[in-house]
Amino acid sequence: GGELLVDSLANLTKLVSLYLEGNSFHGNIPKEIGNMTKLQQLFLDDNNFFGEIPASILNLKELKTLDLSSNSFHGNIPKEIGNMTKLQQLFLDDNSFFGEIPASILNLKELKTLDLSYNSLSMEIPIDIGNLSNINTLDFGYNKLTGTIPSFIQKLTKLRELGLENNLLTGTIPSSIQKLTKLRELGLENNLLTGTIPSSIQKLTKLRELRLENNKLTGDIPSCLFNIKGLMYLFLGGNNLIWKNNTKIVPKFMLFRLSMKSCGLAGEIPDWIPKQKTLVSLDLSENQLEGMFPLWLPEMNLYELILSDNKLKGSLPPSLFNYENLELLSLSRNNFYGELPSNIGNASQLKVLMLNDNKFSGKVPETIASISGLWLLDLSNNSFSGNTFPNFSFMRDLQIIDFSSNEFSGEIPTNFSQGTRILSLGKNHFSGRLSGNLSYMSELEYLDIHDNKITGELPHFICQISTLRILNLQNNSLQGSIPGCISNLTNLRILNLSSNHLVGEIPAKFKNLAGMIETPDGFSYDSRFGLQSFTFETKINDVIVNWKKSKQGLSFNNLKNYSLLDLSMNQLSGEILASLGSLKALKLLNISHNNLSGLVTQQSIEFNSTIISKVATTDYFGCE
C-alpha cells in the first residue's frame with residue numbers, strides 16, 4: 001500500500017465513476033479529487049485513509065454515491081456535507097468520527113441510504129430526522145447516541161431498515177413506529193430503552209428482523225408479535241420482559257433465530273418452539289427451565305444453542321453431538337451430570353463449548369481433540385477427573401481453555417496448542433514440577449494454576465513466555481527463590497505467588513516490571529471467526545465478558561485495567577525494596593506474612609493513589 005497519487009488521474013475531468021475500494025491506500029485523500037467535478041460515484045471504502053473529510057470532496061456537487069466506509073477518518077462530520085444535495089447513498093460507517101450528527105445532513109432530500117454506524121458519534125438523533133423522506137436504509141448503530149428515539153421518525157414511510165443498536169438511547173419505543181409499514185429490519189438492541197413493547201408493532205407486517213435484546217423493557221411479551229408472518233429473527237432476551245407460561249401460542253412465522261434470554265420461562269420449553277423447524281440459533285439462557293435435556297433439541301440441527309443459567313438436569317444425549325452444524329453450545333450453570341458422550345468429537349464444527357458449573361464427571365473424552373476449529377473450551381467447576389488428557393496440541397484455533405475447579409490429577413498437562421492464550425487449571429489436584437513444555441505456548445497471556453500441589457522451584461523458562469499478562473501460582477508448594485528474569489515479562493500485570501514456600505529476597509529487577517509501571521492495553525480477542533452472523537459475533541463477545549462472571553470481585557473483563565503483585569504467605573526475607581515504588585500502575589500490593597524487614601515510608605514506596613497496599617497486615621487477598 002501507499003498514498004493515493006492522483007496526478008495521473010487529475011486530468012480525467014469527465015470521469016463519472018471512480019472505484020478505488022479495497023486497496024491499501026493510506027494518508028489523506030488528495031485534494032485533486034475535487035477537480036473531477038462530474039463525478040457521480042466515488043468509492044474509497046476499505047482502505048487506510050485518515051484525517052478529516054477534505055473540503056475538496058465536499059465540492060463534488062454531482063455526487064450521488066459517496067462511500068468512505070472502513071477507513072480511519074476522524075473528527076466531526078463536516079456540516080458542509082449538507083450542500084451535496086444530489087447524494088443518494090452516503091456511507092461513513094466504520095471510521096472514528098465523533099461529535100454530533102450535523103443537522104445539515106437533513107438537507108439531503110434525495111438520500112436513500114445513510115450509514116453512520118460503527119463510529120463514536122454522540123448527542124441526540126436530530127429531531128427533524130423525518131425530513132429524509134426518501135430514505136430506505138438508516139443505520140446509526142454502534143455509536144454513543146443519547147436521548148430518545150424521535151417520534152418524527154414516523155415520517156420515514158419508505159424506510160426498510162432502521163439500525164439504532166448499541167447506543168445509549170433511553171425512553172420508550174414510540175408507538176408511532178407503526179407508520180413504518182415497509183420496515184423489514186428493526187434493530188434497537190443494546191440500548192437503555194424502557195417501557196413495554198408497543199402492541200402497534202404488529203402493524204409492521206413486512207418485518208423480518210425484530211431485535212430488542214439487552215434493554216430495560218418490561219411487561220408481558222405481546223402475543224400479537226406471533227402474528228407477524230414473515231418474521232425470521234426475534235431477539236427479546238436480556239430485558240425484564242415476562243413470558244406468560246400458560247399462553248397457548250400458534251405462531252404464524254418460521255424463525256431462523258430466537259433469543260428469549262431472561263424472559264421468565266419456567267418449567268418445560270414452550271411447546272411452540274420445537275415446531276420452529278427452521279431454527280439455527282436458540283438462546284433460552286437465564287430462565288427457570290427444568291427437567292432433562294429435551295430429546296427433540298438435537299433433531300433441530302442448530303448452529304447455536306444457549307441454555308446456560310437454568311435448572312436443567314440429567315446427562316447429555318449422544319445425539320446432541322451427531323449434528324455437524326453445531327458451532328456454539330453453552331450449557332453453563334445447570335445441574336447436568338454424568339460423563340460426556342464419547343462421540344463428542346462428531347460435532348466437528350464446534351467453535352465454543354461451555355459446560356462449566358455443572359456436575360459432569362469422568363474423563364474428558366479423547367475424541368474432543370478432533371474438533372479442529374474449537375476456540376473456547378470451558379469445563380470448569382465440575383467433577384471431571386483423570387490424570388491424562390486428550391492431545392489438544394493440534395487444535396490450532398483453541399485459544400481459551402478453562403479446566404479449573406475439577407478433580408484432575410497428575411502432572412500439569414502441556415499438550416495444548418501453540419496458539420493457546422488463556423490456560424486456567426486452578427483448584428485441581430495437579431502435582432509435580434512445572435514442565436518446560438509450557439514455554440512452547442508462545443502466545444500465552446493468562447496462566448492460572450492456583451490451588452494445586454506443584455512442587456520444585458519456580459523455573460526460569462517461565463521468563464520466556466514473553467506474552468504473559470497474568471500469572472497465578474498461588475497456594476502451591478513452590479520452593480527456592482523468585483527468578484529475577486520475571487522482570488523481562490514486560491506485559492505482566494498480575495503476578496500472584498502467594499502461599500508457597502518461596503525464600504530469598506524480592507528480586508531488585510522487579511522495579512522494571514513494565515506492565516505494573518504503566519497499565520497496558522487490554523486483551524483483544526478477534527471473536528468474529530469470519531462468520532456472516534452478527535449474533536454469533538455478539539454471543540462470542542458476551543462469552544468473553546461473562547467467561548468468568550467474577551473472579552473474587554475481579555471480573556475477567558476488568559482484568560485489563562488491573563495490576564496486582566501478591567507475594568504474601570511465603571518465607572521471603574531481606575529489605576522491602578524502595579524501588580517497588582516505581583510500579584505506579586499497581587492497584588494492589590501484598591507482601592504480608594513474610595520475613596521482610598525495613599521501614600515502609602511514604603518516601604520509599606510512593607504509589608498511585610488507588611492502590612490497596614498490604615505490606616504487613618494480616619489481611620489475605622486471593623486472585624482466584
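Throughout this description, residue numbers start from 1 for each chain and increase along the sequence as written. Only residues with pLDDT of at least 70 are given local features in this predicted model, and only at 80 or more are side-chain atom pairs given and counted; all residues enter the totals for whole chains, interfaces and linings. In computing side-chain values, all of the structure's heavy atoms are included and hydrogens and water are not.

Caption draft 1: Summary view of the pattern of salt bridges. What counts as a salt bridge is simple: a side-chain nitrogen of Lys or Arg found within 4 Å of a carboxyl oxygen of Asp or Glu. Throughout the structure, instances matching the rule amount to 11 salt bridges. Among the salt bridges present, the one from Lys-244 reaches Asp-220, with a minimum N-O distance of 3.2 Å. One end of the pair, Lys-244, is in the loop between β17 (240-242) and β18 (257-259); the other, Asp-220, is in strand β15 (residues 218-220), and 24 residues separate them in sequence. Partly exposed residues are those whose accessible area sits between 20% and 50% of the maximum for their type, while under 20% is buried and over 50% is exposed, using a 1.4 Å probe and protein chains only. Accessibility expressed as a relative area gives 37% for Asp-220, which makes it partly exposed. Among the ionic contacts, a cluster of salt bridges with common partners joins Glu-165, Glu-185, Glu-189, Glu-209 and Arg-211. Put simply, DSSP marks the helices as runs of H or I at least four residues long and the strands as runs of E at least two long, and each gets a number from the N terminus on.

Caption draft 2: Summary view of the sheet that holds strand β4 (residues 48-51). Strand pairing is defined by DSSP finding a minimum of two bridges between the two strands. If you trace the five strands from one edge of the open sheet to the other, you get β2-β4-β6-β8-β10, paired in parallel fashion. Where the open sheet ends on each side, the last strands, each with one partner, are β2 (26-27) and β10 (120-121).

Caption draft 3: Local environment of the packing of aromatic side chains. Stacked, edge-to-face and tilted are the three classes for Phe, Tyr and Trp ring pairs, Trp counted by its six-membered ring, which pair at centre distances within 6.5 Å; planes under 30 degrees apart are stacked, over 60 edge-to-face, the rest tilted. Counted by the stated rule, this structure contains 23 aromatic pairs. Ring centres 6.4 Å apart and planes at 50 degrees place the aromatic pair Tyr-233 and Phe-235 in the tilted group. Ring centres of Phe-253 and Trp-272 lie 6.5 Å apart, and the angle between their planes is 70 degrees; this geometry places the pair in the edge-to-face category. Note that Phe-253 is positioned in the loop between β17 and β18 and Trp-272 in the loop between β19 (266-267) and β20 (281-283), a separation of 19 residues in sequence. In this pair, the class of Phe-253 matches that of Trp-272, namely buried.

Caption draft 4: The arrangement of the confidence of the model for the protein chain in detail. Each residue carries a pLDDT value, the predictor's own confidence for that position, ranging from 0 to 100. On average, residues of the protein chain score 87 in pLDDT, and 88% of them reach the 70 mark or higher. Per-element confidence in the protein chain is highest for strand β27 (residues 359-362), whose mean pLDDT is 98, and lowest for helix α3 (residues 534-546), whose mean pLDDT is 44. In this description, contact between two residues means that some pair of their heavy atoms is separated by no more than 4.5 Å. Considering only residues more than four positions removed or in separate chains, one finds that residues 523-557, a stretch of pLDDT under 50, has 82 contacts. Every residue in residues 614-624 scores below 50 in pLDDT, and together they form 40 contacts with partners more than four places removed in sequence or on other chains.

Caption draft 5: The arrangement of the pairing of strand β31 (residues 407-411) in detail. In this sheet, β31 lies alongside strand β29 (residues 383-386) in parallel orientation, the contact comprising two bridges. Looking at the pairing, Ser-385 lines up with Glu-407 of β31. Here β31 runs beside strand β33 (residues 429-432); their pairing, made up of three bridges, is parallel. From the neighbouring strand, Ser-409 faces β33, where its bridge partner is His-429.

Caption draft 6: Seen up close, the pairing of strand β8 (residues 96-99). Burial of β8 is one-sided: the residues Phe-97 and Gly-99 facing one way are buried, the residues Ser-96 and Phe-98 facing the other way are not. As defined by bridge partners, strand β6 (residues 72-75) adjoins β8 across two bridges and the pair is classed as parallel. Bridge pairing in β8 places Gly-75 opposite Phe-97. Looking at chain direction, β8 and β10 are connected through two bridges and run parallel. If you follow Phe-98 over to β10, its bridge partner there is Ser-120.

Caption draft 7: Spatial organisation of the state of the cysteines. The disulfide definition used here is simple: a pair of cysteine sulfur atoms within 2.5 Å. Counted under the stated rule, the structure contains one disulfide. Residue Cys-463 pairs covalently with Cys-485 via a disulfide, S to S 2.0 Å. Given an S-S torsion of about 60 degrees, the disulfide between Cys-463 and Cys-485 has right-handed geometry. Of the two residues, Cys-463 is situated in the loop between β35 (453-454) and β36 (470-472) and Cys-485 in the loop between β36 and β37 (494-496); the sequence distance between them amounts to 22 residues. Taking the relative accessible area as the measure of exposure, Cys-463 reaches 12% and is therefore buried.

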